[in-house]
Amino acid sequence: MEFIILSLLLLSLALYSLYYVLIKPKPTTQNLPPGRKGWPFIGETLEYHALSKKGCIEKFMSQRMQKYSSKIFKTSYLGADMVFLCSAEGNKLLFSNEHKLFKPWLPRIIENSFKSSPNITLQDEFNSLRRVIGSFTEPNALRRYVGMMDANAKRHLRKYWDGNDVVNVHDLSRKFIFALCCELMYNIHDTRTADELENLAHCIMTEFFIIPVNIPGTKFGRAVRAGREFHQRFRNMIKQRRLEIEEKREPEHKDILSLLLLEKNKDGEDLTESEIALKMQAVLIGAYDNPSIAISTIIKFLAELPEIYEQVLREQMEIANSKGPDELLSFDDLKRMKYTWNVISEVLRMEPPNSGTFREALTEVTIDGYTIPKGFKLHWAVNATHKDPECFPNPEKFDPSRYQGNDIVPFSYVPFGAGPHVCPGKEFARLKLLVFFHNLVRKFRWEKIIPDEKMIRNPNLMPEKGLPVRLYPNN
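The structure contained in this document is the topic of the report that follows. Within any chain, residue numbers begin from 1 and follow the written order of that chain's sequence. This being a predicted model, a pLDDT of at least 70 is required before a residue's local features are given, and a value of 80 or more before pairs of side-chain atoms are given or counted; all residues contribute to the totals for chains, interfaces and linings. In computing side-chain values, all of the structure's heavy atoms are included and hydrogens and water are not.

Before going further, it helps to spend a moment on the environment of Glu-125. For helices the rule is a DSSP run of H or I covering at least 4 residues; for strands it is a run of E covering at least 2, with both sets numbered from the N terminus onward. Following the sequence through the fold, Glu-125 ends up in helix H6 (residues 122–136). Between the C-alpha atom of Glu-125 and that of Asn-265, which follows or precedes it by 140 residues, the distance is 9.9 Å.

Before going further, it helps to spend a moment on the sheet that holds strand E9 (residues 444–448). Working definition: the strands of a sheet are paired by backbone hydrogen bonds and lie parallel or antiparallel to each other. Any two strands between which DSSP finds at least two bridges are classified as paired. On the basis of which strands lie adjacent, the open sheet formed by three strands has the order E4-E12-E9 and antiparallel pairing. In the strand order of this sheet, the two ends are held by strand E4 (166–168) and E9, each with one partner. Taken pair by pair, the neighbouring strands of this sheet meet at an average axis angle of 40 degrees, ignoring direction. Relative to strand E12 (residues 468–473), E9 runs antiparallel, the two being bridged by five bridges. Across the sheet, residue Arg-445 finds its bridge partner in E12, namely Tyr-472. The angle between two axes is taken between their N-to-C directions and runs from 0 to 180 degrees, where each axis is a line fitted to C-alpha atoms and a helix contributes only its stretch in contact.

For Asn-152, the position within the fold is in helix H7 (residues 139–160). Pairs of residues are marked as contacts when any of their non-hydrogen atoms sit within 4.5 Å. Not counting residues up to four positions away in its chain, the partners in contact with Asn-152 are Phe-176, Leu-180 and Glu-183.

Along the chain, Glu-44 turns up in the loop between helix H1 (2–22) and helix H2 (45–53). Classification of Glu-44 by relative accessible area gives buried; the value is 3%. Whenever two N or O atoms come within 3.5 Å, that pair is a polar contact, provided that in protein one can donate a hydrogen and the other can accept it, and provided that, for residues adjacent in sequence, both atoms are side-chain atoms. At 3.0 Å, the side chain of Glu-44 forms a polar contact with the side chain of Arg-64. Leave out the neighbours within four places in its chain, and Glu-44 touches Arg-36, Lys-37, Gly-38, Phe-60, Arg-64, Thr-75 and Ser-76. Residue burial is assigned from relative accessible area. The probe radius is 1.4 Å, only protein chains are included, and a residue is buried under 20% of its type maximum, exposed over 50%, and partly exposed in between.

With that settled, the discussion passes to the packing of H7 against helix H17 (residues 426–443). The geometry of H7 relative to H17 is characterised by a closest axis approach of 9 Å and an angle of 40 degrees between their N-to-C directions. By the criterion of interaxial angle, the relationship of H7 to H17 is oblique. Note on packing geometry: the crossing formed by H7 with H17 is right-handed. Of the residues in H17, those touching H7 at Leu-142, Tyr-145, Val-146, Met-149, Asp-150, Ala-153, Lys-154, His-156, Leu-157 and Arg-158 are Glu-427, Phe-428, Leu-431, Lys-432, Val-435, Phe-436, Asn-439, Leu-440, Arg-442 and Lys-443. Here the residues of the contact of H7 with H17 are counted per class, giving 11 nonpolar, two polar and seven charged. Throughout this description, any angle smaller than 35 degrees is read as roughly parallel, any larger than 145 degrees as roughly antiparallel, any in the 65 to 115 degree range as roughly perpendicular, and the remainder as oblique. Whether a crossing is left-handed or right-handed is set by the direction in which the near helix is turned from the far one by less than a right angle, anticlockwise for left-handed and clockwise for right-handed. Residues are grouped as follows: nonpolar covers Ala, Val, Leu, Ile, Met, Phe, Trp, Tyr, Cys and Pro; charged covers Asp, Glu, Lys and Arg; every other residue, Gly included, is treated as polar.

Time to look at the sheet that holds strand E5 (residues 358–361). Taken together, five strands build an open sheet; the order of strands is E1-E2-E8-E5-E3 and the sheet is mixed. Of all strands in the sheet, those bounded by a partner on one side alone are strand E1 (72–77) and strand E3 (102–104). Pairs of neighbouring strands in the sheet enclose a mean axial angle of 35 degrees, with direction left out of account. Against the sheet, H2 makes contact with E1, strand E2 (80–85) and strand E8 (377–380), and its axis sits at roughly 100 degrees relative to E1, the strand it touches most.

As a general feature of sheets, a regular strand has side chains that alternate between the two faces. With three bridges joining them, E4 and E12 adopt antiparallel strand pairing. Across the sheet, Asn-168 pairs through a bridge with Pro-468, a residue of E12.

The next thing to look at is unusual backbone geometry. Even without being glycine, Asp-368 reaches a positive phi, approximately 55 degrees. Structurally, Asp-368 can be placed in the loop between strand E6 (365–367) and strand E7 (370–372). On the basis of relative accessible area, Asp-368 is assigned to the partly exposed category, the value being 43%. In the Ramachandran plot, Phe-411 falls in the positive-phi region, its phi being about 70 degrees despite a non-glycine side chain. Within the secondary structure layout, Phe-411 lies in the loop between helix H16 (382–386) and H17. Judged by relative accessible area, Phe-411 falls into the buried class, the value being 17%.

By convention in these notes, a salt bridge is any Lys or Arg side-chain nitrogen within 4 Å of a carboxyl oxygen on Asp or Glu. Across all of its chains, the model carries 36 salt bridges by this definition. Connected through shared salt-bridge partners, Arg-36, Glu-44, Glu-47 and Arg-64 make up one network.

Moving on: H17. What a helix is expected to span follows from its residue count: subtract one and scale by 1.5 Å. Taking 1.5 Å per residue, 18 residues should reach 26 Å; H17 reaches 26 Å between its end C-alpha atoms and fits that length. Most of H17 sits inside the fold, with 14 of its 18 residues counted as buried.

Distances and angles like these do not, on their own, reveal function.
So, in structure tokens, the structure goes:
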């Protein structure tokens, strides 16, 4: 089915290309960034994703940066004229001018799938989610979550890692993070429910960001169907929670669902079940996808760098030895995990889970001497600055000491974004990663079953074969 759809698309593109050649668009006098658009409509989307699947996304970037400009180039991606920003200066301009010069952007068909109402803008949707996530991750709440995360990590390792010689890291990291998010964010403790929701979320995330053609039998069509079922599951939860509130059985702490039930729309009215369900979906996928990918990537690097693993283990043992036998981690314990966080930060630099998001120019903007017309789309390319030797000397070297001082070039290290619009879930993600590795490194050493296994993007970052590893218990 995918082959048939692709053939029809290529035939349509060939006919459109002929039309495009015969009836050329008027030349522009604007000083646009250098680059090329590729094929009509699909542009360079297929080439970008083909290189991503080979683990060569940096090749797509470097070829164009060398040919056109090291800071900015023009292309056509996801059906839109798009500028890729490849410098810290470009990132600063983008992150510092949200609402003024730029607004969030997604391809229309994907935007409509995630917006909670056709009457709300994507910017308003993001602002609403920021408010909810900000309340959920306020300092006192984060302190309360640490012990719950620690207990969850211990249960997960006992159930899925103990007694196994070999495990598939990518599968188990997804399972751990998703179950943890379900418990903390929506008070879902049933393992079967969490597993069913995780399968739907995985389908959505792996098959949405491809050619957005909603036809039965295509990957995108399957993602749309998964999204509908996901949506209905959440609507059922909303009904159940409202019943619990009426019966005075609401959870003790305010989870995401409780906070969403307090949200109002722009007219001051309560949100509908459908609006709440779509926001629940967006928050859960955002909180689950990148941290689970990060766990896989960190385990890969620790397997390849035993001297780094030893230093992480030493730090975690010092913390564990300062506590009672059954005492759970505290928020203050996480503050002592400085070296471990530096290691995680370096992994996120070298293999950022997210390759960057998108904005739309609200007005004509000048960047690095080039004109970006109103309506043009922009993509801040995380890999470009993370591997820039002017920002990170010897960028291919794994060096956790980069983060010991304040020498990082502003807006060059952006796995969570930067500036006033840094990811609101950054601290929540940091806690999840630190707690998990505190437990993992003290229980196991490991080695990769496939020594040369690569990280690819399909479309999200993932180990090509799921990262199977052989476990060696630490006695």
